[in-house]
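Residue-level structural notes
Okay, here's what each chain looks like letter by letter:
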Amino acid sequence: MAFLDRIISKLPSIEEPKVHINFKTRLKWTGILLLLFLALSQITLYGISPATKQQFQFFEIILGSSIGSLMTLGIGPIVTASIILQLLVGSKIIPWNLRDPEGRRKFQGVQKLLVIFFAIFEAFAFVAFGAIQPASPDAGVFIFLIVQLAFGALLVLFMDEVVSKWGIGSGVSLFIAAGVTRQIFIRAFNPITPAGSTVPAGLIPQFISLIGIGE
């Protein structure tokens, strides 16, 4: 256990605010992290096949992710690590008392270790099993895609920590809400006409287009 404590103590962490933070400051930090998450969701992975984006779009809402971008894994590693650790602690397989500060410290430290593990594991699985398709069969592109996916997931981990300590609520909830809102907005207002179609993709532009045709 001493070895585990040494590893946990070496993990990078976001410091707790040393003074009381007012609502305006918390709202500012929450807004900054939300904009950062949305911006990272628009950064396409280098070396990805163009066909990848059309797959698994349903999971974007569930995982608070954007398939094909740095945020492809989204909150997946965080949620997976949290569920597994809570089951182990709740069933007393790991005898930690989460009401005790030391127990909470160990829980949070091991959870962060698990998130790092699942970020790498899920990144490898996404690329190896075809969820993310490399643009070329080169091994260098394969490895670089894994690195990008894992890096994006670790960014989400620390952004979640910043929101939890300096912002409002939970970063996980914020990123899910952002993903849902973005999907609703795009599906409602997207004016782009897909290839092979004569009407825009968004519901409102479609409605306007049909009214124009009717007239």
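Residues numbered from 1 in each chain as written. Predicted model: local features only at pLDDT ≥ 70, side-chain atom pairs only at ≥ 80, totals over all residues. Heavy atoms only, no water.

Topic: the overall build of the protein
- Across its full length, the protein carries eight helices and zero strands.
- Tracing the protein from N to C terminus, the helices and strands come up as α-α-α-α-α-α-α-α.
- Across the protein, every contact between residues at least 6 apart in sequence was considered, and the portion connecting residues at least 24 apart equals 66%.
- Accessible surface, the protein as shown: approximately 12,700 Å² in total, 71% of it carbon and sulfur. (Helix = DSSP H or I, 4+ residues; strand = E, 2+ residues; numbered from the N terminus. Contact = heavy atoms within 4.5 Å. Areas by Shrake-Rupley, 256 points an atom, 1.4 Å probe, with all protein chains shown as cover.)

Things to note about the side chain of Lys112
- Inspection of the secondary structure puts Lys112 in helix α5 (residues 101-128).
- With sequence-adjacent residues up to four places away left out, Lys112 is seen in contact with Leu11, Pro12, Ser13, Leu157, Phe158 and Glu161.

Describing the packing of aromatic side chains
- In the structure shown here, the tally under the stated rule is six aromatic pairs.
- With 5.9 Å between their ring centres and 70° between their planes, Tyr46 and Phe144 make a pair best called edge-to-face. One end of the pair, Tyr46, is in the loop between α2 (23-40) and α3 (58-63); the other, Phe144, is in helix α6 (residues 139-166), with 98 residues separating them in the sequence.
- With relative accessibility at 60%, the residue Tyr46 sits in the exposed group.
- Here Phe144 falls in the partly exposed class, since its relative accessible area comes to 40%.
- Through a chain of ring-to-ring contacts, the aromatic side chains of Phe117, Phe118 and Phe121 assemble into a single cluster. (Phe/Tyr/Trp six-rings, centres within 6.5 Å; stacked < 30°, edge-to-face > 60°. Buried < 20%, exposed > 50% of the residue type's maximum accessible area, 1.4 Å probe, protein only.)

Details of a nonpolar patch on the surface
- Residues Phe185, Ile186, Phe189, Ile204, Phe207, Ile208 and Ile211 make up a contiguous nonpolar surface patch of about 690 Å² in total accessible area.
- Within the residue set of the nonpolar patch, elements represented by two or more residues are α7 (171-189) and α8 (203-214).
- The biggest single contributor to the nonpolar patch is α8, with four residues.
- The residue Ile204 is located in helix α8 in this model.
- You can call Ile204 partly exposed: its relative accessible area is 36%. (Patch = residues over 30% accessible without salt bridge, like charges linked within 9 Å, V, L, I, M, F, W, Y side chains within 5 Å. Salt bridge = Lys/Arg side-chain N within 4 Å of Asp/Glu carboxyl O.)

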